[in-house]
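Structural description and commentary
Residue-level listing of the chains:
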Number of protein chains: 2
Amino acid sequence: MATRPQQSPRRTDALSKERIVEAAIEMLDAGGEKALTFRGLAARLATGSGAIYWHVANKDELLAAATDDVISRVVTDVAGDAEPRDAIRAMALGVFDAIDMHPWAGVQLSRRPWLVALPQLFEGFGSQLEALGVPERVLFDSTSALVGHVLGAAGQNAANGRLYAEGTDRAAVLGSVAEEWARLDPARFPFVHRVAAQLPEHDDREQFLTGVDLFVTGIVTARA
Amino acid sequence: MATRPQQSPRRTDALSKERIVEAAIEMLDAGGEKALTFRGLAARLATGSGAIYWHVANKDELLAAATDDVISRVVTDVAGDAEPRDAIRAMALGVFDAIDMHPWAGVQLSRRPWLVALPQLFEGFGSQLEALGVPERVLFDSTSALVGHVLGAAGQNAANGRLYAEGTDRAAVLGSVAEEWARLDPARFPFVHRVAAQLPEHDDREQFLTGVDLFVTGIVTARA
DNA sequence: ACACGACTGGAACGCTGTTCCAATCTAGAG
DNA sequence: CTCTAGATTGGAACAGCGTTCCAGTCGTGT
């Protein structure tokens, strides 16, 4: 049988999971989820796809590792010596911005939770709620709800963002959606009809923050 | 050149987008997102994949149509003559249960919003908030936040559900996650350490409802 | 000098979404 | 009734994917 010549020279710099994850994040940021392929990754790292599999079990693990990397970086960045409400706002905004910057991570978070980053979020939000005087009895439920809200709403926003990621701009897309809403039957959709105009001009980041504030207000109010 | 024999007899019952979407939903419910393939769909409908493409542009459109079908069914089911808070709880639970029953739809919702069902959600939640006396000025933001919360938290839950969907049961998975949390450094994760025990025994549905209530409380409180 | 395990890279496999097109049906015109 | 034009079908073909497999190469310890 014919021997395989193995013509191309071997790499000198070692491959590693870190280097692979780093390259994967770059590809994901550049072209979204479907831009990450093992062939492309191999080309970018100047290797073969088989070599990658020696360091990473499969694509799912690679995506999870990339998501973990991106999220945990943000969570640890937030300092903890502010007022509880401000600290919560800061952490929530950190998550929001991270997911906004890496939308593929948002999808991943709503797909495979219990990530390494999750305990960090729980710890951060939970301890601040405790500082706000939320009683032990409802602390776990409140924290779960808050974490779920932040991840859910941020992911939701990232999904919207992807719509006008390529080419078309935000205002145009939202404008056309607003037109659609305005065309709906005013008898069946009076409310939608009325607020359609506000759709194109709202600020996603601020709206997200409003939601977090409302949530904290609810928790604090129910505390009594 | 050789003619193609086209041996198998033609179907008598017409193909249609509705029939295709219906079959797709069955496949998605049975085996999740990756169980839906055009080949499998063609086999189930006793046709070829090409025929499906005459009715449906591509897989994305098919997924969007299936999601719309499942979600809008639930939204229109909720009657509207209850107390505002109860109506909101009922609608939220409807969405929660729908996504819980069809987890693939949850992923889809956090991926491609502005679905046909979205105006219905906006209308439902928005009009109830209005009935609660939320002033016009913050009505749009509050409704957006509430819709985002419901979709986000429900999707989040569905993602968790998929972890113990196949084989392993919920209690076992949550138990092992709780153990992992308990093993974390108590100095760095005091809060997580403390609430880990509550993780396996909490009720997702109830926790979701708690979150919605907290949110509404926050909105009502901020109304003043 | 040698051997052995860690590591590499590219070929190959089975599957996917999608495109293409001959074959076939249906409806209406003449 | 015949003919034809368009709507619809089904399956072959294509490019590309994740994954597996394995011959080859390197670095290290003896």
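Residues numbered from 1 in each chain as written. Chains lettered and ligands numbered in written order. Predicted model: local features only at pLDDT ≥ 70, side-chain atom pairs only at ≥ 80, totals over all residues. Heavy atoms only, no water.

Within an unreviewed UniProt entry, the label attached to chain A reads TetR family transcriptional regulator, and the organism entered is Streptomyces sp. NBC_00148.

**Focus: the side chain of A:His102**
All names here are of chain A. Stated formally: Secondary structure counts use DSSP, requiring at least four H or I residues in a row for a helix and at least two E residues in a row for a strand, with both numbered from the N terminus. Note on classification: 1.4 Å probe, protein chains only; a residue is buried when its accessible area is under 20% of the maximum for its type, exposed when over 50%, partly exposed between these limits. Counted as a polar contact is a pair of N or O atoms within 3.5 Å, where, for protein atoms, one must be capable of donating a hydrogen and the other of accepting one, and residues adjacent in sequence contribute only when both atoms are in side chains. Contact between two residues is taken to exist if any of their heavy atoms lie within 4.5 Å; hydrogens are not considered.
Position of His102 relative to the elements: it lies in the loop between helix H5 (84-101) and helix H6 (103-109). Overall, His102 belongs to the buried group, its relative accessible area being 12%. Engagement of the side chain of His102 in a polar contact is seen with the side chain of Asp29, the distance being 2.6 Å. Ignoring sequence-local partners within four residues, the contact set of His102 consists of Asp29 and Val70.

**Some points on the relation of the copies chain A and chain B**
Between the two copies of the chain lies a rotation about an axis combined with a shift along it. Threshold: Alignment of copies: least-squares fit on C-alpha atoms of residues with pLDDT of at least 70 in both copies.
Mapping chain A onto chain B calls for a screw motion: a turn of 180° about the axis and a shift of 0.0 Å along it, with 0.1 Å RMSD after fitting. As the rotation angle and translation indicate, the two copies are arranged about a two-fold axis. Mapped onto chain B, 100% of the interface residues of chain A again fall at the interface, so both copies present the same surface.

**What to know about the interface of chain A and chain B**
To keep it simple, the criterion reads: In short, buried area is how much 1.4 Å probe accessible area vanishes from two parts on joining, totalled over both. Between Lys or Arg on one side and Asp or Glu on the other, a salt bridge is scored when a side-chain nitrogen of the former is within 4 Å of a carboxyl oxygen of the latter. Ten residues, namely Ala, Val, Leu, Ile, Met, Phe, Trp, Tyr, Cys and Pro, are considered nonpolar, four, namely Asp, Glu, Lys and Arg, are considered charged, and the remaining ones, Gly among them, are considered polar.
Facing 56 residues of chain A, the contacting portion of chain B comprises 56 residues. Across the chain A to chain B interface the summed buried area is about 5,100 Å²; carbon plus sulfur atoms make up 67%. At the junction of chain A and chain B, the tally comes to 4 salt bridges. Between B:Arg194 and A:Glu136 there is a salt bridge, with the nearest N and O atoms lying 2.7 Å from each other. Joining chain A to chain B, the criterion identifies 14 residue pairs in polar contact (both at pLDDT 80 or more). Elements supplying a minimum of two residues to the side of chain A that touches chain B: H6, helix H7 (117-131), helix H8 (136-163), helix H9 (170-183), helix H10 (190-195) and helix H11 (204-222) of chain A. The element best represented in the side of chain A that touches chain B is H8(A), accounting for 17 residues. Here the residues of the side of chain A that touches chain B are counted per class, giving 27 nonpolar, 20 polar and 9 charged.

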